[in-house]
Amino acid sequence: MIPPDHPRYRSLLVRERLSACAREGIVALEGLAAHGRAEAFDYLIGETTTNTARLAARTAAALILQASAPVLSVNGNTAALAARECADLQEVTGITVEVNLFHRTEERLAKITDLLERHGVRVLGGTPERLVPLSHDRALCLPGGIGAADLVLVPLEDGDRCAALRAMGKTVVTIDLNPLSRTARTANLTIVDELTRALPLVSEAYSAMTVDEAAALAVGLDNHYLLQAAITEIIRGLERALD
Ligand code: PTJ
């Protein structure tokens, strides 16, 4: 039982949720390590959404609006942390949701699909094929989902698959607190923010966005600038902490 007056109450609740989901087989054990790394970066950016991340979230909404077949690729951590936010994004944007795992087993796919559906997500079904140019089971995806997508939103992704999706000609948007990660640097667009803060911002921006605004944001997209700005914000935060 975590006392609600604990200064790190929210963070501890999230850890508890992820550990419970790991015990249930929804989150991979490796997902706990990934979360720990993200927590460290969240500390460094002040556990808040920066102006740059807001711009990146609005740009993500713009790219989704412009896409003809956008897909949200959900892994174990994303389902455990943000099933409700995924449902909201799908409700607002109509985005297709596919469960696609790094540590893939049929049992985890079924458990994650069930969790998402209990939160109102319509999860794409079908028979996976080896369409992503990667070895082993990470090549598997649904022909009518990621296989046919022109844009894939892949939060908390690994760099290899991000690069493989780009090699397939897809626009890749990611959410990653680590602006130095290979995924962050390989994606077309990176939102350097915590997943549960970022997804609602994308939904909110999408509902208020006009076609003209979307076009302007898409033309202005410069991921190198967004990553540099995120790193600068981390450095400024550290300097303030030393004052
Ligand atoms: O469920 P599976 O089998 O698909 O596996 C999922 C994990 C996350 C284990 C797998 O994709 C993996 O190993 O990912 P990486 O290579 O550790 O990359 C995950 C990235 O997401 C890291 O750069 C983390 O900093 C970042 N990250 C983790 N949690 C969050 C996050 N970024 C934003 N918000 C978070 N909550």
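This text gives an overview of the structure that appears in the document. In this text the structure is predicted, and so the values were computed from the model without any measurement.

## Brief notes about a nonpolar patch on the surface
The grouping of Tyr43, Leu44 and Leu238 at the surface amounts to a nonpolar patch, some 290 Å² of accessible area in total. Considering the arrangement of structural elements, one finds leucine 238 in helix H10 (residues 223-242).

## Considering the site of the ligand
Close contacts around the ligand come from 21 residues, with Gly76, Phe102, His103, Arg108 and Glu194 the closest. The separation between an oxygen atom of the ligand and a polar side-chain atom of arginine 37 is 3.0 Å. Leucine 195 places a polar main-chain atom, nitrogen or oxygen, 2.9 Å from a nitrogen atom of the ligand. Its free accessible area being 740 Å², the ligand has 94% of it covered by the protein chains. Secondary structure elements with two or more residues in the shell around the ligand: helix H2 (29-44) and helix H4 (76-93). Residues of the shell around the ligand, tallied by class, amount to 8 nonpolar, 5 polar and 8 charged.

## Focus: the packing of H4 against helix H5 (residues 106-118)
Remark: H4 packs on H5, axes separated minimally by 10 Å, with the N-to-C direction vectors making an angle of 20°. Compared by their axis directions, H4 and H5 come out roughly parallel. Here H4 runs over H5; the crossing is left-handed. On the side of H4, the interface is formed by Gly76, Ala79, Ala80 and Ala83, while H5 contributes Arg108, Ile112, Leu115 and Leu116.

## Some remarks on the sheet that holds strand E2 (residues 96-99)
Strand order across the open sheet formed by 5 strands is E2-E1-E5-E6-E7, with parallel pairing between neighbours. Looking at the sheet topology across the chains shown, the edges are occupied by E2 and strand E7 (189-191). Each strand of the sheet is rotated relative to its neighbour by a mean of 20°, with strand direction disregarded. Relative to E7, strand E6 (residues 171-175) runs parallel, the two being bridged by 3 bridges. Residue valine 173 lies in a different strand from E7, and its bridge partner there is leucine 189. Each of strand E1 (70-74), strand E5 (151-153), E6 and E7 is contacted by helix H3 (residues 51-66), which is oriented at about 130° to E7, the strand it contacts most. Running at roughly 160° to E1, H4 makes contact with E1, E2 and E5 of the sheet.

## What about the packing of helix H1 (residues 9-24) against H2?
Put simply, H1 and H2 touch, their axes get as near as 9 Å, and they point 165° apart. Considered as vectors, H1 and H2 are oriented roughly antiparallel to each other. Where H1 crosses over H2, the two elements pack in a sense that is right-handed. Contacts between H1 and H2 involve Ser11, Val14, Arg15, Leu18, Ser19 and Ala22 from the first element and Leu29, Leu32, His35 and Glu39 from the second. The residue inventory of the contact of H1 with H2, partitioned by class, reads 5 nonpolar, 3 polar and 2 charged.

Cut-offs applied
Residues numbered from 1 in each chain as written. Predicted model: local features only at pLDDT ≥ 70, side-chain atom pairs only at ≥ 80, totals over all residues. Heavy atoms only, no water. Patch = residues over 30% accessible without salt bridge, like charges linked within 9 Å, V, L, I, M, F, W, Y side chains within 5 Å. Areas by Shrake-Rupley, 256 points an atom, 1.4 Å probe, with all protein chains shown as cover. Salt bridge = Lys/Arg side-chain N within 4 Å of Asp/Glu carboxyl O. Helix = DSSP H or I, 4+ residues; strand = E, 2+ residues; numbered from the N terminus. Near = heavy atom within 4 Å. Polar contact = N/O pair within 3.5 Å; in protein donor to acceptor, adjacent residues only side chain to side chain. Nonpolar A, V, L, I, M, F, W, Y, C, P; charged D, E, K, R; others polar. Axes fitted to C-alpha atoms, helices over the stretch in contact; angles between N-to-C directions. Parallel < 35°, antiparallel > 145°, perpendicular 65-115°, else oblique. Left-handed = near helix turned anticlockwise from the far one by under 90°. Contact = heavy atoms within 4.5 Å. Pairing = 2+ DSSP bridges.

So far we have only geometry, and geometry alone does not tell us how the molecule works.
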